[in-house]
Structure formats: C-alpha cells, structure tokens
Amino acid sequence: MTTICICGGGSLGHVVAGYLGAKENVKVNILTRKPDAWRSSIEIFTPENRTVFSHLNIVSQNAEEVVADADIVILCLPGYAIKDELFKIRPFVKRGAFVGTVFSSTGFFFEALNIFDESVHLWGFQRVPFIARTREYGRSASLLGYKAAHSIAIENCDNKEKFRLLIEALFDRPVRLLNNHYEASFTNSNPILHPARLYSLFCDWNENVYYDHQFLFYEEWNNSASDYLISLDRELFAVLEKLPVAKGFLVPILEYYEAFDAESLTKKINSIDGFKGIKAPMIHNGKGWQPDLRSRYFQEDFMYGLRYIYETAHKIGVYVPTVDKIFTWGINMSKRVDK
C-alpha cells in the first residue's frame, strides 16, 4: 500500500487526489486549510466522459495527521505558498519519503533543498500532469486534459529508476527522468512569458494612468512583448549554458512557436485558439482600467518564477540585462499593493 499526501485544495489538488485515489493499493490524504469543506470521497470527470469516484483516507489541516505515514507528498500549490508549506510539513516527513511538486518552475527545489536534509527524497514534475478545474470545492472536479508524457527530476535519491517507474504507473503516462532539478526548475513558459507581456503593457504605468478597456493578454500581444520574450529567452539559455543541464532539454521560444523573429512570433501567439479570450490582469475602479497588482501574474510570476533565473544568473556571473530590468520592475510593481 502506498500512502500519498496531497498538499493544497486547488484544482490540481482535487484532480490529482481523485485520480490517484482510484488506484489499487493507494491511500490518499489531503492537507488543506478547509478540511470541513471536503467530503470523504471525491468525484472526477474525465475527457473520456467517465466519472471516477475516489475515497479519501484522511482530510485534515493537521500536518502530522496526514504527512507522518505518507510515502509520497505532492505539493499542489502556487509559488508563494511553497516555502511555508515545506516548513509546516518538515517535522513530520518520515525518513525516505518522497516530497515533490506538480510544477517545479515556481521554486520548489530551490526552497526544498535548503529546508530538508538528504534523508528526504525530493522530486518534481517539469510541467503539470493535468489540466484541471474544480467543479464543487471538496467534492468534484474536471480533468480536462492529460500530457502525452511527463518529465520529472529527482534529488537526494540513489534509486531514481524505481521511483520513476512508480510515477509512471501512478499517472499512466511515460515518464522521462531529467538529469537534475535545474532541468525541471527552469522553463521558458510562464516565468518569462507573463513578465514579458506585463512589461510591454505597463512599463510606463503609474497610479494616475487609466486605460479605456481591459486588454486581451494574447490576442492583443504585440511586437514589443515578443521582443522582450525573445530577449528573456536568450538570457535564460545563457544561464543554462553555465549549468549542468543536457543540451536540448528545453526548446528555444522561437522554435517552440515555429517563428523566426518578433513579428512572426506575435502573429503566432495572436492566433492560438487556446489563448483566445484570456484577459490581462486588470481591474476597473470607476475611473478606468488599471493593472491588478494582486493577481497571480504579478504576485507569482516575478517573485516565484523569474526570480530564480535572476538569482541564479547573478550567482554564477551571467549578464542578463533584460531579466534584471523586467524582474526589478515587476517586484516594485507587486510591492505597490501595500501602498
């Protein structure tokens, strides 16, 4: 019997709990701030029009109650919650347990390697395993899409292959083992995609500036945003060249979007169906539209995304002027919420 503790009650927490809880010889515990809102079972709706019912072993806000017997811990949390959650569970994680995350680019490994000793195995997905949406909190959720395959990093572990095979069996997809946590932690998705667009939209903004409409994040994406994204991507790859990562583990942004310059990248991003209708993080305060500095675009993608590229570049001595400029601007913008 494998006991798995899911930390976090968001959409991914619901779906991962329901998906794994339906497996034979698996018990699922939930660590959440709102245990009373959960039932003892959860219902998951899949893209194949199946409904999966899973029993939950324990749902609690008491970390000891759900973590102490867990063989695997999976954090399904945003970047800003990871460090505190790791400190919360640390006293109760048993020796030899695997503590991991559904998405590594929000800084999980950078925090976990400082918090845990080598008796705790650390692991993380390079990208989220599911597209998920909560239907009714603590009761049901929709699994909207799967990845064709997964990539994971594992640290502090001698028998990585055994655990890779276990994750492959639990998630029913091929799993590729990355060389190290850098290959899971550094990505040219949200940590540079969102900051590039936000800077192009709001770099000259101040509290006295109002906009007449809420921008479409991708459909109104422009060449300025593409220029910043290409530059951030180039600087990220300059950092990666100095790290022990495999060549080709990450595809450059132009290659990924099948573009060759800023203009062709803009046209591609403007045309992606899955991006249509997504609005920029903005709020209307009676006078007009302004950036929503409390949104996760500001509060997550700078401090818990771009930050790790920024800090690593400075630690190893790589010149990253665009990262410096946009990261510093983003942090200063996110701090304005307290004013």
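The following paragraphs examine the structure supplied in this document. (Residues numbered from 1 in each chain as written. Predicted model: local features only at pLDDT ≥ 70, side-chain atom pairs only at ≥ 80, totals over all residues. Heavy atoms only, no water.)

Quick notes on the packing of aromatic side chains
The final tally for this structure, using the stated rule, is 29 aromatic pairs. The interplanar angle of 10° and the centroid separation of 4.9 Å between the aromatic rings of Phe-110 and Tyr-308 together place this pair among those described as stacked. Taken together, the residues Phe-110 in helix α4 (residues 108–115) and Tyr-308 in helix α12 (residues 302–316) connect sequence positions 198 residues apart. We note that Phe-110, like Tyr-308, is buried. Counting every residue linked through ring pairs, the aromatic cluster contains Tyr-19, Phe-98, Trp-123, Phe-125, Phe-130, Tyr-146, Phe-163 and Phe-171. Here the basic side chain of Arg-135 rests over the ring of Phe-45, its NZ or CZ set 3.8 Å away from the ring centre. (Phe/Tyr/Trp six-rings, centres within 6.5 Å; stacked < 30°, edge-to-face > 60°. Helix = DSSP H or I, 4+ residues; strand = E, 2+ residues; numbered from the N terminus. Buried < 20%, exposed > 50% of the residue type's maximum accessible area, 1.4 Å probe, protein only. Lys NZ or Arg CZ within 6 Å of the ring centre and 35° of its normal.)

What to know about the environment of Phe-217
Inspection of the secondary structure puts Phe-217 in the loop between α7 (190–202) and α8 (223–240). Residue classification places Phe-217 among the buried residues on the basis of a relative accessible area of 0%. Between the alpha carbons of Phe-217 and Arg-176 there is a distance of 32 Å; along the sequence they are 41 residues apart. Apart from residues lying up to four places away in sequence, Phe-217 is in contact with His-194, Arg-197, Leu-198, Ile-278, Lys-279, Ala-280, Pro-281 and Tyr-297. (Contact = heavy atoms within 4.5 Å.)

Let's talk about the pattern of salt bridges
For the coordinates displayed, the defined rule picks out 11 salt bridges. The shortest N-O distance in the salt bridge between Glu-111 and Arg-307 comes to 3.6 Å. Linking Glu-111 in helix α4 with Arg-307 in helix α12, this pair joins segments that are 196 residues apart in sequence. Overall, the relative accessible area of 15% leaves Arg-307 in the buried class. Put simply, Arg-296 and Glu-300 hold a salt bridge, and the shortest N to O gap is 4.0 Å. Each of the salt bridges in this network shares a partner with another, and the network as a whole consists of Glu-111, Arg-307 and Glu-311. (Salt bridge = Lys/Arg side-chain N within 4 Å of Asp/Glu carboxyl O.)

Some words on the packing of α12 against helix α13 (residues 321–335)
Relative orientation of the contacting elements α12 and α13 amounts to 140°, with a least axis distance of 10 Å. Overall, the two elements α12 and α13 adopt an arrangement that is oblique. Remark: the crossing between α12 and α13 carries left-handed chirality. In this structure, α12 uses Phe-302, Met-303, Leu-306, Arg-307, Ile-309, Tyr-310 and His-314 to contact α13, whose residues at the interface are Val-323, Asp-324, Ile-326, Phe-327, Trp-329, Gly-330 and Ile-331. (Axes fitted to C-alpha atoms, helices over the stretch in contact; angles between N-to-C directions. Parallel < 35°, antiparallel > 145°, perpendicular 65-115°, else oblique. Left-handed = near helix turned anticlockwise from the far one by under 90°.)

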